Amino acid sequence: MTPEQTVCVTGASGYLASHIVKQLLEKEYRVSGTVRRAPSAYPWLTSLPEADNRLELVIADLLNEGSFNGAMQGCSTVMHTASPYVINVKNPEKDLLDPALKGTLEVLTAAMKTPSVKRVILTSSVAAITDEPDSSKILTEEDWNTRSSLKRNPYHYAKTMAERAAWEFMEKNRPGFSLVCINPSMVTGPSLGPALNTTNGMIRDIMSGVYPGIMDLNWGFVDAGDAAEAHILAMETPEASGRYICSAKELHMRDLVALLRSSGLNRYQLPKLDLSGPAGTALMKVLSWTQPRNTGTFIRTHIGHSVHYSNTRIQQELGLTFKPVEESIIEAVEDLIRHLHLPEKR
Ligand code: NAP
């Protein structure tokens, strides 16, 4: 694929999508980005180098039928990133499942009506891989989350249903484009826009005294620039197919807190108490019932389990290399302070 081609990026305003748009413009692609408000609401996109010449923002909503048809005209690739990334919602069906699932089908249907589209890249998630990791297993692209529901980790459920529906759509309709899924873990690093992303919000919470102690939890992390690059490599690699886990490294909450502490961030309210042993885990399971509903469910399904993702496929087949996530996390913190999501403490 050569630059001068146009790539449609849905949810261009989002944390991850903004990095995708920036990299596409740097690589001389034209971008048709879908957003929900007037272009003037997105100065971090419209002020990107080359945005005046190569970026068009088009209004579209995942829940409006036919909404994406216009934005895809003449595009060779669609990167479908738009989907709510929120853990606690009032109505999981309306707020998470509908936009993820109906929105994905809406985008695929629009792509099928647009002959120029040759590939759709769907931003899925490791949430579609598992919602209760088995500590003894290395998770691969073969693994599917089969446990989530509207009541149990509904964000995970929505992402799983959306990705499953996308593969079923391909099977049933055999459209003139191929589908590739990118399944990132926790995406971190600086944000181009001012909004607080859910993953970086978790880092903010760890630094703001929200958690009483260090829990026996670990997460996979990946730099936002690397996750964005994965989408572009999936477009530029003709043989790319199937799903690609995009996760650089796992960090235990203990390592994350130690990293923040050793980076001179002791002045924030980092958790001091070590609750990562069996007694702490039992206590945190009880305390999880005092948390917002889906945070509580997440804690109960993950605490005491250790997650391990294989990133072999994405490195070998797409040639993605990973930036050390420790650097990305510190950059994310600096950025949280810059965007006033964390107070500047000296
Ligand atoms: P984000 O910053 O919250 O971006 C979500 C995007 O989806 C925004 O552009 C939002 O538009 C758009 N959107 C939500 N509901 C919509 C609707 N009804 N119609 C049209 N657009 C809608 O989240 P993100 O972290 O960049 O996530 C992007 C994608 O990556 C999501 O699919 C998410 O599941 C996936 N992902 C994220 C992570 C992570 O750690 N960040 C990890 C794995 C996978 P508005 O700006 O108008 O709200």
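Heads up: the structure comes first, above all this text.
Quantities reported herein were computed from a predicted structural model and do not represent experimental measurements.

> Teacher, can you tell me more about the site of the ligand here?
Taken together, 25 residues sit near the ligand, with Y15, Y155, K159, N197 and T199 positioned nearest. Between G11 and the ligand, the recorded distance is 3.1 Å, taken from a backbone N or O atom to an oxygen atom. The separation between an oxygen atom of the ligand and a polar side-chain atom of T199 is 2.6 Å. Residue assignment for the shell around the ligand shows that the elements contributing at least two residues are helix 1 (15-26), helix 6 (154-173) and strand 7 (186-188).

> I tried to follow the sheet that holds strand 1 (residues 6-10) on my own but got confused; where do I start?
Strand pairing in a sheet relies on backbone hydrogen bonds, with the paired strands running either antiparallel or parallel. An order of 3-2-1-4-5-6-10 is seen for the 7 strands of this open sheet, with the pairing classed as parallel. Since the sheet does not close on itself, it has two edges, and those belong to strand 3 (55-59) and strand 10 (242-246), each with one partner. Within this sheet the neighbouring strands show an average axis-to-axis angle of 20°, counted without direction. Two strands pair when backbone bridges link them, and strand 1 and strand 2 (residues 30-35) are joined in this way by 4 bridges, in the parallel orientation. Looking at the pairing, V9 lines up with G33 of strand 2. In this fold helix 5 (residues 92-112) packs onto strand 1, strand 4 (75-80) and strand 5 (119-123), with an angle of close to 175° to the strand it touches most, strand 4.

> Which parts of the structure should I look at to understand unusual backbone geometry?
Note on backbone geometry: most residues besides glycine have negative phi, and most peptide bonds are trans. Not every positive phi belongs to a glycine, and E28 is a case in point at roughly 70°. By the element assignment, E28 lies in the loop between helix 1 and strand 2. By relative accessible area, E28 is classed as partly exposed at 47%. For R174, which is not a glycine, the phi torsion comes out positive at approximately 45°. With respect to the helices and strands, the residue R174 is situated in the loop between helix 6 and strand 6 (178-184).

> Mind showing me how you'd approach the pairing of strand 4 here?
Two faces make up the sheet, and in a regular strand the side chains alternate between them. Counting buried residues in strand 4 gives 6 out of 6 residues, a clear majority hidden from the surface. The pairing of strand 4 with strand 5 spans 4 bridges and is parallel. In the sheet register, H80 faces strand 5, and the bridge partner there is L122. What joins strand 4 to strand 5 is helix 5, and the crossover it makes is right-handed.

> In this structure, what is going on with the nonpolar core? I would like to understand it.
Judged by nonpolar contacts, the single largest core of 40 residues is most densely connected at V9, V21, L24, L45 and M79. Beyond its immediate sequence surroundings of up to four residues, L24 is in contact with V7, V9, Y29, V31, M79, I232 and M235.

> Would you take a moment to explain the packing of aromatic side chains for this structure?
Each aromatic ring pair is summarised here by two numbers: the centre-to-centre distance and the angle between the ring planes. In the structure shown here, the tally under the stated rule is 3 aromatic pairs. Consider the rings of Y85 and Y155, whose centres lie 5.0 Å apart with planes at 45°: the pair is tilted. Placement of Y85 in the loop between strand 4 and helix 5 and of Y155 in helix 6 is noted, with a sequence separation of 70 residues between them. Looking at R164, its charged tip hangs above the ring of W144, at a distance of 4.2 Å from the centre. The residue whose ring lies beneath R300 is W289, and the NZ or CZ to ring-centre distance is 3.4 Å.

> So what exactly am I meant to see when it comes to the pattern of salt bridges here?
For side chains bearing opposite charge, pairing can occur when the charged atoms are close. On inspection of all chains with the given rule, the structure shows 17 salt bridges. K27 serves as the salt-bridge partner of E236, at 2.9 Å between the closest nitrogen and oxygen. Of this pair, E236 sits in helix 8 (residues 224-236) while K27 sits in the loop between helix 1 and strand 2; the two residues are 209 residues apart in sequence, bridging distant segments of the chain. Across the pair R174 and E171 runs a salt bridge whose closest N-O atoms are separated by 3.1 Å. With a relative accessible area of 52%, E171 lands in the exposed category. Each member of the salt-bridge network shares a partner with another, and the members are D131, E132, R147 and R152.

> Please explain helix 11 (residues 293-302) as it appears in this structure.
Judged by how many residues are buried, helix 11 sits mostly within the fold: 7 of 10 residues are covered. Taken together, the buried positions of helix 11 are N294, T295, G296, T297, I299, T301 and H302. Next to the buried residues of helix 11 lie helix 6, strand 8 (213-215) and helix 10 (278-287). Within two residues after helix 11, G304 carries a phi angle of roughly 85°, on the positive side.

Reading guide: rules and limits
- Residues numbered from 1 in each chain as written.
- Predicted model: local features only at pLDDT ≥ 70, side-chain atom pairs only at ≥ 80, totals over all residues.
- Heavy atoms only, no water.
- Near = heavy atom within 4 Å.
- Polar contact = N/O pair within 3.5 Å; in protein donor to acceptor, adjacent residues only side chain to side chain.
- Helix = DSSP H or I, 4+ residues; strand = E, 2+ residues; numbered from the N terminus.
- Pairing = 2+ DSSP bridges.
- Axes fitted to C-alpha atoms, helices over the stretch in contact; angles between N-to-C directions.
- Contact = heavy atoms within 4.5 Å.
- Buried < 20%, exposed > 50% of the residue type's maximum accessible area, 1.4 Å probe, protein only.
- Right-handed = clockwise from strand over helix to strand, strands pointing away.
- Core = buried A, V, L, I, M, F, W, Y, C linked by side-chain atoms within 4.5 Å.
- Phe/Tyr/Trp six-rings, centres within 6.5 Å; stacked < 30°, edge-to-face > 60°.
- Lys NZ or Arg CZ within 6 Å of the ring centre and 35° of its normal.
- Salt bridge = Lys/Arg side-chain N within 4 Å of Asp/Glu carboxyl O.

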